[in-house]
Amino acid sequence: MHELPIAQGILERVLKAAADANAARVTRIHIIIGDLSGVSAECVEFYWDSLSRGTPAHGATFHVRRVPFEMTCLDCANAFNPAGEALAYDCPACGSARVRTTHGQECCLEAIDIETPDDATPGRDPATEPRATP
Amino acid sequence: MSVRVPVVEAITKANDELARLNRAKLDARGILGLNIMASPGAGKTSIIECIVPRLSRDLRVGVIEGDIATSFDAERAAAAGATAVQINTGGSCHLEAQMVSQALDQLPLDALDLLIIENVGNLICPATFALGTHLNILVASVPEGDDKPYKHPRMYRGVQVLIINKIDLLPYVRFDLDRFRRGVSALNEGVRTFEVSCTSGAGIDSLVDWVRSEAVARRASTARVEVRP
């Protein structure tokens, strides 16, 4: 349940970035989440609806780039994902126990997609708006 | 038309900033901060009970106890000789920097040399939230099993010190110390490790000596900063 404070933190940051960019609405939030980060994107999204209600970020969808757990062997440079393996972190290529975690701890906000006031006036749909005649 | 605005920063940034403020409060007074994490029942409070009476001979020790409910652990830490504050998280499965900040306000920081924070028993969430301590310590215990470094890689990666507790039970439970150590070493090579038993007292001496020397070094480094012109 630690995604609740994380979702609150993301919301705060997203609203600030949206205000700085003079956004009328936030449509999409891009985040990067590694499998080792201990953060569940699904849980963050679950809290989002109620947390963001009444803000320009309500209704935004999440684009999540998942980064798998990756280790790299120091002896043969083989990169592998140890998740799901037997209880071992040894290199599957050469058997070495000299390995390093190279990916999976990532956990960051990357970007937001926004609409500016011009294209998101309530009750107006830019697609059907009559074009000004030249 | 939709516009993409880059906002590149850590998802935990809000907590990280508060953690930095906590760290500054400790650093201003030369207090060494320890964050002890473990699963429930690994022996976090028992270790505090073992080491505080001996550390208290030379150091003024404060303890912040994090639990979902009750103040049993703060009472145990106080009985061991520490100035203790209990945080009840009311259901939250981990401590956050904000909670620690409030607890720091209740402690006589000017009269402390060492602050031990006992996190909520949990091997997942505490690893995500920095508290502002100098060292993260993980307590693993033999009855939990030797598979924990493989099941909770994040927690094992994020600590500077590992205490293996209940080593007196090694003859009675299935725990392959070699497999455990290999997993730890793959994730966190060179992590400082202590093997202890709060029941038999094995290994407690070296743990106490190490904590004392770290606290003394921390205090000395602050003193040096203060006399600088």
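A few points on the structure. Since we're looking at a predicted model, the values are computed, not measured.

Reading guide: rules and limits
- Residues numbered from 1 in each chain as written.
- Chains lettered and ligands numbered in written order.
- Predicted model: local features only at pLDDT ≥ 70, side-chain atom pairs only at ≥ 80, totals over all residues.
- Heavy atoms only, no water.
- Helix = DSSP H or I, 4+ residues; strand = E, 2+ residues; numbered from the N terminus.
- Buried < 20%, exposed > 50% of the residue type's maximum accessible area, 1.4 Å probe, protein only.
- Contact = heavy atoms within 4.5 Å.
- Expected span 1.5 Å × (residues − 1).
- Arc of directions from axis to C-beta.
- Axes fitted to C-alpha atoms, helices over the stretch in contact; angles between N-to-C directions.
- Parallel < 35°, antiparallel > 145°, perpendicular 65-115°, else oblique.
- Left-handed = near helix turned anticlockwise from the far one by under 90°.
- Nonpolar A, V, L, I, M, F, W, Y, C, P; charged D, E, K, R; others polar.

**Concerning the side chain of Asp73(B)**
All names here are of chain B.
Next up, step 1: By the secondary structure assignment, Asp-73 is in helix α3 (residues 72-79).
Next up, step 2: With relative accessibility at 12%, the residue Asp-73 sits in the buried group.
Next up, step 3: Residues in contact with Asp-73, not counting those within four places in the same chain, are Thr-45, Glu-65, Asp-67, Gln-86 and Glu-118.

**Details of helix α1 (residues 13-28) of chain B**
Residues and elements named next belong to chain B.
Next up, step 1: For α1, with 16 residues, the first-to-last C-alpha span of 23 Å sits near the 22 Å given by 1.5 Å per residue.
Next up, step 2: Every buried residue belonging to α1 is among Asn-15, Ala-19, Asn-22 and Leu-26, and all of these are buried. Here the buried residues of α1 occupy an arc of 60° about the axis, which is enough to place them on one side. Pointing more than 90 degrees away from the buried face of α1 are the exposed residues Arg-20, Leu-21 and Ala-28.
Next up, step 3: On its buried side, α1 packs onto β2 (32-38), α4 (97-105) and β5 (114-118).

**Quick word on the packing of helix α1 (residues 3-20) of chain A against helix α2 (residues 41-52) of chain A**
Residues and elements named next belong to chain A.
Next up, step 1: Here α1 crosses α2 at 60°, and the two axes come no closer than 9 Å. When the axis of α1 is compared with that of α2, the two are oblique. Crossing angle aside, the handedness with which α1 passes α2 is right-handed. Between α1 and α2, the contacting residues are Glu-3, Leu-4, Ile-6, Ala-7, Gln-8, Ile-10, Leu-11 and Val-14 on the first element and Cys-43, Val-44, Tyr-47, Trp-48, Leu-51 and Ser-52 on the second.
Next up, step 2: Grouping the amino acids of the contact of α1 with α2 by side-chain chemistry returns eleven nonpolar, two polar and one charged.

**Topic: the packing of α1(B) against α4(B)**
Residues and elements named next belong to chain B.
Next up, step 1: Running from N to C, α1 and α4 point in directions that differ by 25°, and their axes come no closer than 8 Å. Classified by the angle between their axes, α1 and α4 sit roughly parallel to one another. Every pair of crossing elements has a handedness; the one defined by α1 and α4 is left-handed. On the side of α1, the interface is formed by Asn-15, Leu-18, Ala-19, Asn-22, Lys-25 and Leu-26, while α4 contributes Ala-97, Gln-98, Val-100, Ser-101, Leu-104 and Asp-105.
Next up, step 2: Per-class residue counts for the contact of α1 with α4 are six nonpolar, four polar and two charged.

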